[in-house]
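Working through the structure, step by step
The chain contents come next:
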Amino acid sequence: MYENTCCFFGHRTINESEDLKRKLTDTVENLIVNKKVDTFLFGSKSRFDSLSLEVVTKLKEKYPHVKRIYVRAEFPFISEDYMAHLLRFYDDTYYPEKLITSGKAVYVERNFEMINNSKYCVVYYDEQNAPTTRKSGTKIALQYAIKKGREITNML
């Protein structure tokens, strides 16, 4: 999954604008066309995740071969109904088995899973607006992606 895969992660709240959406669209389209990325991994719980899914879904009209995969951090076992619901938005979903014992670190571990399976990371990290009352999951993921030598594009 690694070579042709990109993951997204970012802050729960973002400074959303048409400029950001255009920049994100251009970045994703460049990955598809020039880097031959065909698989995109998504988490949940952030507006950046949602915006990224919207952008990839729109580009899927032009590039139908791309796959959108939701990497769940909750619900290791899901019903057929919930699976059908998720498959309205994604092409596939999975729950990494090692997350079962992650406890409170489940979202951090899920992000590590996505980074480990991706060559490219598209992120929304704003040092100025990162949380100060708790650790920033986005910062932890970004530091991990840097340590792993991923090709990172920050949308800021």
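The structure displayed is predicted, hence computed values, not measured ones. Here the residue index of a chain counts from 1 through its sequence in written order. A pLDDT threshold of at least 70 governs which residues receive local features in this predicted model, and a stricter bar of 80 or more applies before side-chain atom pairs are shown or counted, although totals over entire chains, interfaces and linings include all residues. Side-chain figures throughout are based on the complete set of non-hydrogen atoms in the structure, without hydrogens or water.

1. Things to note about the environment of Asn129
Runs of E in the DSSP output that reach at least two residues are strands. Runs of H or I that reach at least four are helices, and both are numbered from the N terminus. On the secondary structure map, Asn129 appears in the loop between β5 (120–124) and α5 (137–147). A simple rule labels every residue: compare its accessible area, found with a 1.4 Å probe on the protein chains alone, to the largest value its type can have, and call it buried under 20%, exposed over 50%, or partly exposed in between. A relative accessible area of 59% places Asn129 in the exposed class. For Asn129 and Ser46, which are 83 residues apart along the polypeptide, the C-alpha to C-alpha distance reads 14 Å.

2. Some remarks on α5
Along α5, the residues that are buried comprise Thr138, Ala141, Leu142, Tyr144 and Ala145. When α5 is viewed along its axis, its buried side chains cluster within an angular range of 160° and face the same direction. Projecting away from the buried face of α5 at angles above 90 degrees are the exposed residues Ile146 and Lys147. Here, residues are in contact when the closest pair of their heavy atoms is within 4.5 Å. Those residues of α5 hidden inside the fold are in contact with β1 (5–10), α4 (106–116), β5 and β6 (151–154). Arc definition: it is the arc formed by the directions from the helix axis to the C-beta atoms.

3. Comments concerning the side chain of Asp126
Its location among the elements puts Asp126 in the loop between β5 and α5. One buried charged residue, Asp126, remains without a salt bridge, the closest side chain of opposite sign being Lys139 at 11 Å. Excluding its chain neighbours within four sequence positions, the residues that come into contact with Asp126 are His11 and Leu156. In this count, Lys and Arg are taken as positive residues and Asp and Glu as negative ones, while His and the chain termini are left out. Salt bridges are defined by distance alone: a side-chain nitrogen of Lys or Arg within 4 Å of a carboxyl oxygen of Asp or Glu.

4. Digging into the packing of helix α1 (residues 18–34) against helix α2 (residues 47–60)
A fitted line through C-alpha atoms represents every axis, and for helices the fit uses only the stretch in contact; the resulting angles, taken between N-to-C directions, go from 0 to 180 degrees. Contact geometry for α1 and α2: axes closest at 10 Å, N-to-C directions at 55°. What the angle tells us is that α1 and α2 run oblique. Crossing angle aside, the handedness with which α1 passes α2 is right-handed. Here α1 contributes Leu20, Lys21, Leu24, Thr25, Val28, Glu29 and Ile32 to the contact with α2, which in turn contributes Phe48, Leu51, Ser52, Glu54, Val55, Val56 and Leu59. What sets the label is the angle itself: under 35 degrees gives roughly parallel, over 145 gives roughly antiparallel, 65 to 115 gives roughly perpendicular, and the rest give oblique. Crossing handedness follows the turn of the near helix against the far one: under a right angle anticlockwise gives a left-handed crossing, and clockwise gives a right-handed one.

5. A closer look at the side chain of Ser102
Relative to the helices and strands, Ser102 resides in the loop between β4 (92–94) and α4. Its relative accessible area of 15% is what places Ser102 among the buried residues. A 3.5 Å cut-off defines polar contacts: any pair of N or O atoms within that distance qualifies, except that in protein one atom must be a possible hydrogen donor and the other a possible acceptor, and neighbouring residues in sequence count only when both atoms are side-chain atoms. Within polar-contact distance, the side chain of Ser102 engages the backbone oxygen of Lys98 at 3.5 Å.

6. Here we look at α4
Each α-helix winds once per 3.6 residues, and so residues spaced three or four apart point in a common direction. Taken together, the buried positions of α4 are Val106, Arg110, Asn111, Phe112, Glu113, Met114 and Ile115. Among the structural elements, β1, β2 (39–42), β3 (67–71), β4, β5 and α5 are those in contact with the buried residues of α4.

7. As for the packing of aromatic side chains
What counts as a ring pair is set by centres within 6.5 Å for rings of Phe, Tyr and Trp (its six-membered ring), and what kind of pair is set by the plane angle: stacked under 30 degrees, edge-to-face over 60, tilted for all other angles. For the structure on display, the rule yields eight aromatic pairs. Ring centres of Tyr70 and Tyr90 lie 5.0 Å apart, and the angle between their planes is 20°; this geometry places the pair in the stacked category. Taken together, the residues span a long stretch of sequence, with Tyr70 in strand β3 and Tyr90 in the loop between α3 (80–86) and β4 at a distance of 20 residues. Comparing Tyr70 with Tyr90 shows no difference in burial state: the two are buried. For the pair Phe75 and Tyr82, a centre-to-centre distance of 5.9 Å together with 75° between the ring planes defines the contact as edge-to-face. Taking relative accessible area as the criterion, Phe75 reaches 47% and is therefore assigned partly exposed. Residue Tyr82 is classed as partly exposed on the basis of its relative accessible area, which comes to 27%.

8. Some remarks on the pairing of β3
Extensive coverage of β3 is indicated by the burial of four of its five residues. Across four bridges, the pairing between β2 and β3 is parallel. Bridge pairing in β3 places Phe40 opposite Arg68. A crossover counts as right-handed when, viewed with the strands pointing away from the observer, the path leading from the first strand over the helix to the second turns clockwise. On the question of chirality, the crossover connecting β2 to the parallel β3 by way of α2 is right-handed. If DSSP finds at least two bridges between two strands, the strands pair.

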